[in-house]
Amino acid sequence: MSEPPASSAPPDPTGKRILMIVTTGPEERDKTYAPFFTAALMAAMEIDTTMFFMMHAPELLKKGTAEKIPLRQGHTLRHFVDMAIENGVKLLACAESCRDLCDLGPGDLLPEVKVVGAPTMADLALDADAVLSF
Amino acid sequence: MAIIEGCEIPEDRLYYIERTQMTWVKVEDGRITIGATDPAQARAGRILFLRVKPVGTVRERGKPIATVESGKWAGPILAPVGGTIVEVNSEAEKEPTLLNSDPYGQGWVARMTPSAPAQLAELLSGDAALAKFREVITRDQIHCSRNHS
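Values in this document were obtained by computation on a predicted structure and should not be read as measured data.

> Hey, could you go over the interface of chain B and chain A for me, with residue numbers and the actual values?
Of the residues lining the interface, 11 residues belong to chain B; the matching set on chain A comes to 13 residues. Of all the elements in the fold, those that place two or more residues in the side of chain B that touches chain A are strand E8 (64–70) and strand E9 (74–78) of chain B. Partitioned by chemical class, the residues of the side of chain B that touches chain A number five nonpolar, four polar and two charged.

> Could you give an account of the packing of helix H1 (residues 33–44) of chain A against helix H2 (residues 77–87) of chain A, naming the residues involved and the relevant values?
All names here are of chain A. Their axes nearest at 8 Å, the elements H1 and H2 cross at an angle of 25 degrees. Put simply, H1 runs roughly parallel to H2. For the element pair H1 and H2, the recorded crossing hand is left-handed. In this structure, H1 contributes Tyr33, Phe36, Phe37, Ala39, Ala40, Ala43 and Ala44 to the contact, and H2 contributes Leu77, Phe80, Val81, Met83, Ala84 and Asn87. Grouping the constituent residues of the contact of H1 with H2 by class yields 12 nonpolar, one polar and no charged.

> Can you break down H1 of chain A residue by residue, with the values?
Residue and element names in this part refer to chain A. Here H1 is 12 residues long and its end C-alpha atoms lie 17 Å apart, about the 16 Å a rise of 1.5 Å per residue gives. Of all 12 residues in H1, 11 are buried; the element is thus mostly enclosed. Among the residues of H1, those classed as buried are Tyr33, Pro35, Phe36, Phe37, Thr38, Ala39, Ala40, Leu41, Met42, Ala43 and Ala44. Downstream of H1 by a residue or two, glutamate 46 has a phi angle that is positive, lying close to 65 degrees.

> Describe the nonpolar core, and please don't skip the residues or the numbers.
In this structure, Ala40, Phe52 and Phe53 of chain A are the most contacted members of the largest nonpolar core, which totals 82 residues. Ignoring sequence-local partners within four residues, the contact set of alanine 40 of chain A consists of Phe80, Met83, Ala84, Asn87 and Val89 of chain A together with Ala74 and Gly75 of chain B.

> Summarise the sheet that holds E8 of chain B; cite the residues concerned and give the values.
Spatially, three strands are ordered E6-E8-E9 (chain B) in an open sheet, and the strand pairing comes out antiparallel. The open sheet terminates on both sides in strands that have one partner only, identified here as strand E6 (47–52) and E9 of chain B. Taken pair by pair, the neighbouring strands of this sheet meet at an average axis angle of 25 degrees, ignoring direction. Alignment of E8 of chain B against E9 of chain B, held across five bridges, turns out to be antiparallel. Its bridge partner being in E9 of chain B, threonine 67 of chain B is matched across the sheet by proline 76 of chain B. This element, H1 of chain A, spans E8 and E9 of chain B of the sheet and lies at about 20 degrees to E9 of chain B.

Definitions and cut-offs
Residues numbered from 1 in each chain as written. Chains lettered and ligands numbered in written order. Predicted model: local features only at pLDDT ≥ 70, side-chain atom pairs only at ≥ 80, totals over all residues. Contact = placed C-beta atoms within 7 Å. Helix = DSSP H or I, 4+ residues; strand = E, 2+ residues; numbered from the N terminus. Nonpolar A, V, L, I, M, F, W, Y, C, P; charged D, E, K, R; others polar. Axes fitted to C-alpha atoms, helices over the stretch in contact; angles between N-to-C directions. Parallel < 35°, antiparallel > 145°, perpendicular 65-115°, else oblique. Left-handed = near helix turned anticlockwise from the far one by under 90°. Expected span 1.5 Å × (residues − 1). Buried ≥ 20, exposed ≤ 12 C-beta atoms within 10 Å, placed from the backbone. Core = buried A, V, L, I, M, F, W, Y, C linked by C-beta atoms within 7 Å. Pairing = 2+ DSSP bridges.

What is shown is where atoms sit, not what they do.
The structure is reproduced here in structure tokens:
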């Protein structure tokens, strides 16, 4: 294992693709903030960033939910959802999770969210430069 | 120097105030210096991370020239005009809180040569800038409390 020289500039991540798999929903409040914040930061670095919400995570994207999740940072989760959207993060919700676990229809979700099937996650994962799991 | 809610707004700069952006521009010898304004740094809070695109990067107006992270905000600093990055404040990259403590001085972010200097005329100055600052500072409930001593 060789480490890169400390003086070298970090490689420009522009145009790289990152897929984030988010599985935690409102049941664990302290775990909801980091995925959105990290995604917002990566998108600001011009990394093509997609968040894929599955299991109970799509519930975070239900209209009216994020503003009811207060965080220790002094904002509600909505602040960080909006930041991610503003920076260009793409939000995808797993169709199977929405239907079978969360009882969510497409009209229940924020307008920025696209509902897709699990095969889309496979395509995105194979296509991404990195996949992060939360 | 105008002061709004404790936030200093120097009169010798141009301002790019769009959506999340509150950026200053100073024109000197055909180059521009770019930085975050006092209300921008106050809104972001303690800045933990700054990464600027490398020298030589060509950017259109509105495209990111840098990424900033604080504990409660992560986002880009956008090019206020199109051009080429000719200098990066590597001291501020090492010590990002310079953007908090001295936003108009040591906390500058990058220098660019504008590709279309006419775009500079579209930036805000004078009363138009102050009116826009008042609007954003009120909307986002910003209060600046730097130690001015």
